[in-house]
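In case you want the letters, here they are:
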Amino acid sequence: MPTNNPLPPKENALFKRILKCYEQKQYKNGLKFAKQILSNPKYAEHGETLAMKGLTLNCMGRKEEAYEFVRRGLRNDLKSHVCWHVYGLLQRSDRKYDEAIKCYRNALKWDKDNLQILRDLSLLQIQMRDLEGYRDTRYQLLVLRPGQRASWIGYAMAYHLLKEYEMALNILEEFRKTQTVKPYDYEHSELLLYQNMVMREAGLDKESLEFLETHDQQIVDKLALQETKAVLLSKLGQDQKAAVIYKELLMRNPENAAYFKLVEDTTNPENVEERLKIYTDTLEKFPRASLPKRLPLNFLTGEAFRKRVDQYLRIALHKGVPPLFINLRSLYRDPEKVRIIEELVLGYEESLGTNEYFSPEDEGKLEKESASVLLWTHYYLAQHFDQLGQTKRALEFINKPVESTPTLVELFVLKGRIYKHGGDIHEAVVNLDEAQSLDTADRFVNSKCAKYMLRANMVKEAEDMCAKFTREGVSAVENLNEMQCMWFQCECAAAYQRLGKWGDALKKSHEVDRHFSEIIEDQFDFHTYCMRKMTLRAYVGLLRLEDVLRNHKFYFRAAKIAIQIYISLHDHPVLDGEQDEKANAENLTPSEFKKLRNKQRKALKKAAQEKEKQKEQDKKDQSKTKPQDPDVDGPKEEELLPEKLCRPASPLDQAIRFLRPLQTLAASKVETHVLAYEIYSRKGKLLLMLQSIKRGYRVDKNDPHLHICMIKFLQTGKIY
C-alpha cells in the first residue's frame, strides 16, 4: 500500500540513496541525504525519511536520538510499512524480539507480500521458537517465491520442528522432484540425509533403510551413511547385517570405542573367548592400535587379566606414556583388578631398582631398561596410591623422581594434585607454581596453576598468572571475560564467595549468565546461513542444543553460587557505608578503628585514580573504534558493579531469575530443588515449598540437605 505522504521524483531519488547508504554502511552520507529531504519545509515531517534517519543514527550508536526520530516518523505515517519495519529493526537491535515481531506484523498489514519483512519475521519467530507462526510465515514465503530452495526447506523444517513428520516428508519429496542431481553434489547429499533423519524421527525405520539403499550413490557422506544403515538394521532385528557394517567401520577407525561396543551388541558373543576374539582380530590387522589392547581389560578377570595388563603396563612404561594411569583409572572400580595392578607395578619398581629389568626372569633375555622407566613407574605408583587415598605413600613415590629429575613438569603437577587431594591447597599451589616456572609456554600448566590459586582464594595471583597468556594492553580479567573463559569465572565466583565478597562473586556469576545469553543470541547468524549452505542436520542439532543450553555445568555452578549469595543477602543485607562504619566502630577499639579509616581513605583514593585512568583509556578507545553495528554488537549491557550487586532491591527475585532455568533443565539434580525450597521458604510459599521437596525426593530421597528441608517444612506446618 502506498504511503500517505509520497515524495516527488527528486526527493524520492534521495530517499533511495539513503536506503543504499544504509545497506553499504555509509551512515554519514545517509544522514546528509536525509537532511536534504527534511530541510524542505514540505517534507520536514516525512515519516519514512525520519524513520530511516533514526535507523542510521542507531547504527552509529546514537540510540536515544534514533528512537526519537523513528517514533516521530511512525506518528507521521502510521500506514507506512517502512516505518513499522524500521521500528521493528530498532527493537530487534535491542533484543526486544516480542516487540519487534509486533512491529513486523503491523508492517505486513500495509504490505503483506513484502519479502524482506517476511524473512525478518521468520528469523525472529524461529529465534523465539514460535513454531506455528514460523510455519505460517514460511508458507507465505513459499507462495511468493516457489522457485527458491530456501522457501521449500524452511517450510518443511517448520513442520519437522512441530513434529508433523508426514507433512514435512511430503514437502521434501515434492521439492526433490524439481531438483536436477549433479555428480558429487554435497548439498543434495545433505538434503537426502536430512530427509532420512525426519523419516527416522517419524519411526519409519524400514522406509528409512530402503530410502538409504535407493539413494546410496547420491550420498557423499559415506561415514554417516554406513552408521545410519547399521543403526536401522539393528533396530529392525537384522543384527548380522549390522555387524558386517560395524566391522567395516572398525577397519576404517580401530580407535573408536563405540564401534567395538556396537560390534559386541550385534554379534552377541556367548563367552569371554568370543568377545576377546573381536579385539584380537582387529589387533592382527592394526598392531599399532591402542584401543584393542586396552578395552579387553574391562571384561577380563583373574589370570587372563593379569597377563594382559602386565603386557599393557610394560609397553606403556617402556615408552614413557604420562597418561597411562588415566587410561587405566576406570579399572579401579574393581578391587581385585586394583590389587593385581598394585602387585605388578610394585614388582616392576623393586626389580628395576635392583637389576634394571621389569622382572628378574627377564635378565639375560631382554635388554636392560633405561633409567626413565623407573621414573615413570614411580610416577604411576604415586597416582595409584593417590587414587586409593593413601596420600603419604603417594608423596613418597613422587618425591623419588622429583629428587632425581627436578626439571620434569609432570612431576610437579602430580605432586600438586596429591597435596590438593590431601587437603593442603597452599602446598599444591607452590608445586604448580614450580611446574609453571619450568615451562612458561605451557598454557595447560598455566591454567592449572591459576585454578589451584583460585581454590586457595589467591584471586589476584591467579589473575597475574593468566595475564601471561592474555592480550597485551587489556587487563587479564577483561580479556578472559571477552573470551568467555567460564571455568575461570566460576572458580573466581567460588573464591569470592568463600572470602565473603558477595558483590565480586555476583559479578562473576552474572558474567557467566551473560555468556549463555550471548551464545543463544549468536544462533541468529545461522538461521539464514544453514538454509543457504544446506547444513540442515547440524542446524536442527544447533536449535535443540540451544533449547537446553543452560543445562551446562558452568551455568549450574554460577547459578548455584548466585542463588546462595542472594539468599544470604536476604537474611543478612549488606549495610550502607555510614551504617557499616557505625557497626565497625562499635566492635573495634579506637586504634583499630583509626587504622581502618586510614585504610579506607587509601582504598578510595586508589579507586578514584583507577577510575580516572579508565576514563582516559575509554576516550582513546572510542576515538579509535568504528560505529557499531547493532545487529552484531547488540544493546550495550549495564555495567556490573560489585557495590550495587551486593545491595539488590529484592534478592529473592534475583535468585528466582537464576533458579528458573535450573528447574526446567537441571531438574535431575537434587541441589536445584533444595535451592528452590530455600527461596520459597523465605517467601512463605507453602505449596511451592512442598512441590520442591516432592521433586527433590523423587531425585534423591537420601540427600542430607533435602532431609533438613523436610524437617524445616514439618516445623513450618506446625506453626501454620
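This one's a predicted model, so the numbers in the text were calculated from it and none came from an experiment.

(A) Just the side chain of H215, in detail. Examined against the element boundaries, H215 turns out to sit in the loop between α12 (205-214) and α13 (222-235). Overall, the relative accessible area of 11% leaves H215 in the buried class. In contact with H215, other than residues within four places in its own chain, are R176 and L192.

(B) Representation of the pattern of salt bridges in the model. As enumerated under the stated definition, the model contains 35 salt bridges in all. Between R72 and E45 there is a salt bridge, with its nearest N and O atoms 3.0 Å apart. Here the residue R72 occupies a position in helix α4 (residues 63-76), and E45 occupies one in the loop between α2 (27-38) and α3 (47-59), the gap between them amounting to 27 residues. Note on R72: relative accessible area 25%, which makes it partly exposed. Assessed through its relative accessible area of 38%, E45 is described here as partly exposed.

(C) A look at helix α30 (residues 524-533). Within α30, burial applies to F524, H527, C530 and M531. Along the axis of α30, the buried positions cluster into a sector of 145 degrees, meaning they face one direction only. Opposite the packed face of α30, turned more than 90 degrees from it, sit the exposed residues D525 and R532. Looking at the residues trailing α30, positive phi occurs at M534, about 65 degrees.

(D) The arrangement of helix α31 (residues 536-547) in detail. Between its terminal C-alpha atoms α31 stretches 17 Å, which fits the 16 Å expected from 12 residues at 1.5 Å a residue. Turning to α31, its buried residues are L536, Y539, V540, L542, L543 and E546. For α31, the angular spread of buried residues about the axis comes to 155 degrees, placing them on one side. Looking at the buried positions of α31, the neighbouring elements they touch are α7 (115-127), α9 (149-161), α11 (186-201), α29 (502-522) and α30.

(E) Highlighting the environment of P9. Inspection of the secondary structure assignment puts P9 in helix α1 (residues 9-23). The exposure class of P9 is exposed, given its relative accessible area of 72%. Residues P9 and K533, 524 residues apart in the sequence, show an inter-C-alpha distance of 40 Å.

(F) Layout of the confidence of the model for the chain. Looking at the chain as a whole, its pLDDT mean stands at 89, while 91% of the residues score no less than 70. The least confident element of the chain, judged by mean pLDDT, is helix α33 (residues 577-587) at 49; the most confident is helix α23 (residues 409-422) at 96. Here residues 578-584 scores under 50 on pLDDT; set against residues more than four positions off or in separate chains, the count is 6 contacts. Below pLDDT 50 for its whole length, residues 622-626 participates in 0 contacts with residues either more than four positions away or in separate chains.

Cut-offs and rules
Residues numbered from 1 in each chain as written. Predicted model: local features only at pLDDT ≥ 70, side-chain atom pairs only at ≥ 80, totals over all residues. Heavy atoms only, no water. Helix = DSSP H or I, 4+ residues; strand = E, 2+ residues; numbered from the N terminus. Buried < 20%, exposed > 50% of the residue type's maximum accessible area, 1.4 Å probe, protein only. Contact = heavy atoms within 4.5 Å. Salt bridge = Lys/Arg side-chain N within 4 Å of Asp/Glu carboxyl O. Arc of directions from axis to C-beta. Expected span 1.5 Å × (residues − 1). pLDDT = per-residue confidence, 0-100.

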